[in-house]
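Listed here are the chains, written in short residue letters.
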Amino acid sequence: MTLRITLAALATASLCFGANAATFKAEQPYQIYLINGEKTANTITKDIHEVTLAEGKNQIAIGYTNDYSNRSEVRVLNGDPVIIELDNVAADAELTIDFNKPLNYQLARQFLREQPEQLTVIDQRTGQPVEADISTIPMPAGLDTAGGIQEHLRQTRQAFNGRTEAAVAAAQQKFGDAVVDADAMEMLQHWWNAADADTRRAFQIWMIQQQ
C-alpha cells in the first residue's frame, strides 16, 4: 500500500512541473536523440538542437554527425552517442555544451575519440560550467539511432528512472517519507522504462485512481 501511494504521488508530481522549464541546447554538428529516456522529434531529415528540461535530475543523449566530404572522397563522421547526466538542473537554467569545434576531418576523428573529455556543460546565463557526468556508448546498429540508444541504456541499467528531485520532493511534501521495497521499485522502474509514452500516461492515470 505504501509503495502504491508513493508511486502515485511521483506520477502526480511529474505531471505538475512549473511552466518555467529549463532548456538544453546542442548546436551543430550535435543533435539531441533522447531526453529522459524519451525520443525527441529528431529524424534523418530533421535535427533537434534544443529541448526543455525538468528541474532536478535529467538525462540527455546527443550525437555528433558532420560531413567532411570533398570532390574525391565521401567523409561523413558519426560519433558514438554521448550520455549526459545532470543531477541538479535549476528551474531557469539555460544549458548548452561547450567544445572546440574541429576544423578538419583528421582533427574531428581525434575529437570523437575523446568526446567525454572534450565536452563541458555550461549555463549560458553565467557562462560557468555545471556539474555533469558525460560518457559515451557504442554506436547502435541500424537506422533507428535513438531506439538503439534506448535499448542499450535499458540493457546496461542506465535508463532514466524518472525520479526527478522535484517529483520526489513534491511526493514527500504530500505523503511524507515512506519505506519502499527496493526490489519491487526496481522491477516497476524496468517496466516503466520499457513502456511507450501512451502506456505511461495510461498507467499514471490508473495509479492516481488508486489513491
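See above for the structure.
Residues numbered from 1 in each chain as written. Predicted model: local features only at pLDDT ≥ 70, side-chain atom pairs only at ≥ 80, totals over all residues. Heavy atoms only, no water.

Draft legend 1. Representation of the packing of aromatic side chains within the structure. Applying the stated criterion across every chain, the model contains 5 aromatic pairs. Here Tyr30 and Tyr64 contribute two aromatic rings whose centre-to-centre distance is 5.3 Å and whose plane-to-plane angle is 80°, an arrangement assigned as edge-to-face. Here Tyr30 is found in strand 2 (residues 30-35), whereas its partner Tyr64 is found in strand 5 (residues 56-67), with 34 residues between them in sequence. Exposure class is identical for Tyr30 and Tyr64. Each is buried. Following the ring pairs from residue to residue traces out a cluster consisting of Tyr30, Tyr64, Phe99 and Phe111. In this arrangement the basic side chain of Arg75 is found over the ring face of Tyr105, its NZ or CZ atom lying 4.4 Å from the centre. (Phe/Tyr/Trp six-rings, centres within 6.5 Å; stacked < 30°, edge-to-face > 60°. Helix = DSSP H or I, 4+ residues; strand = E, 2+ residues; numbered from the N terminus. Buried < 20%, exposed > 50% of the residue type's maximum accessible area, 1.4 Å probe, protein only. Lys NZ or Arg CZ within 6 Å of the ring centre and 35° of its normal.)

Draft legend 2. Structural view of helix 4 (residues 145-155). Buried residues of helix 4: Thr145, Ala146, Gly147, Gly148, Ile149, Gln150 and Leu153, and no others. Residues of helix 4 that are buried make contact with strand 2, strand 3 (38-39), strand 5 and strand 7 (82-89). (Contact = heavy atoms within 4.5 Å.)

Draft legend 3. A look at a nonpolar patch on the surface. A cluster of nonpolar side chains, Leu188, Phe203 and Trp206, forms an exposed patch at the surface whose accessible area comes to about 260 Å². If you trace the backbone, Phe203 turns up in helix 7 (residues 197-209). A relative accessible area of 31% means that Phe203 is categorised as partly exposed. (Patch = residues over 30% accessible without salt bridge, like charges linked within 9 Å, V, L, I, M, F, W, Y side chains within 5 Å. Areas by Shrake-Rupley, 256 points an atom, 1.4 Å probe, with all protein chains shown as cover. Salt bridge = Lys/Arg side-chain N within 4 Å of Asp/Glu carboxyl O.)

Draft legend 4. Spotlight on helix 2 (residues 105-113). Tyr105, Ala108, Phe111 and Leu112 are the residues of helix 2 that are buried. Looking straight down helix 2, one finds that the buried residues subtend no more than 115° of arc, so they occupy a single side. Tucked into the core, helix 2 has its buried residues touching strand 2, strand 5, strand 6 (76-78) and helix 3 (115-118). Backbone nitrogen of Gln106 and a side-chain oxygen of the N-cap are separated by 3.3 Å at the start of helix 2; the cap is Asn104. (Arc of directions from axis to C-beta. Polar contact = N/O pair within 3.5 Å; in protein donor to acceptor, adjacent residues only side chain to side chain.)

Draft legend 5. Here's a closer look at the nonpolar core. Counting residues in hydrophobic clusters, the biggest one holds 29 residues, and the most contacted among them are Phe24, Tyr30, Leu53, Ile60, Ile62, Ile84 and Ile97. Of all elements in the fold, only strand 1 (22-25), strand 2, strand 4 (50-53), strand 5, strand 7, strand 8 (94-98) and helix 2 reach the threshold of two or more residues within this core. Leave out the neighbours within four places in its chain, and Ile62 touches Phe24, Ala26, Tyr30, Gln31, Ile32, Tyr33, Pro81, Val82, Ile84 and Ile97. Counting 8 residues, the second-largest nonpolar core is a separate cluster that includes Ala61, Ile83, Ile149 and Leu153. (Core = buried A, V, L, I, M, F, W, Y, C linked by side-chain atoms within 4.5 Å.)

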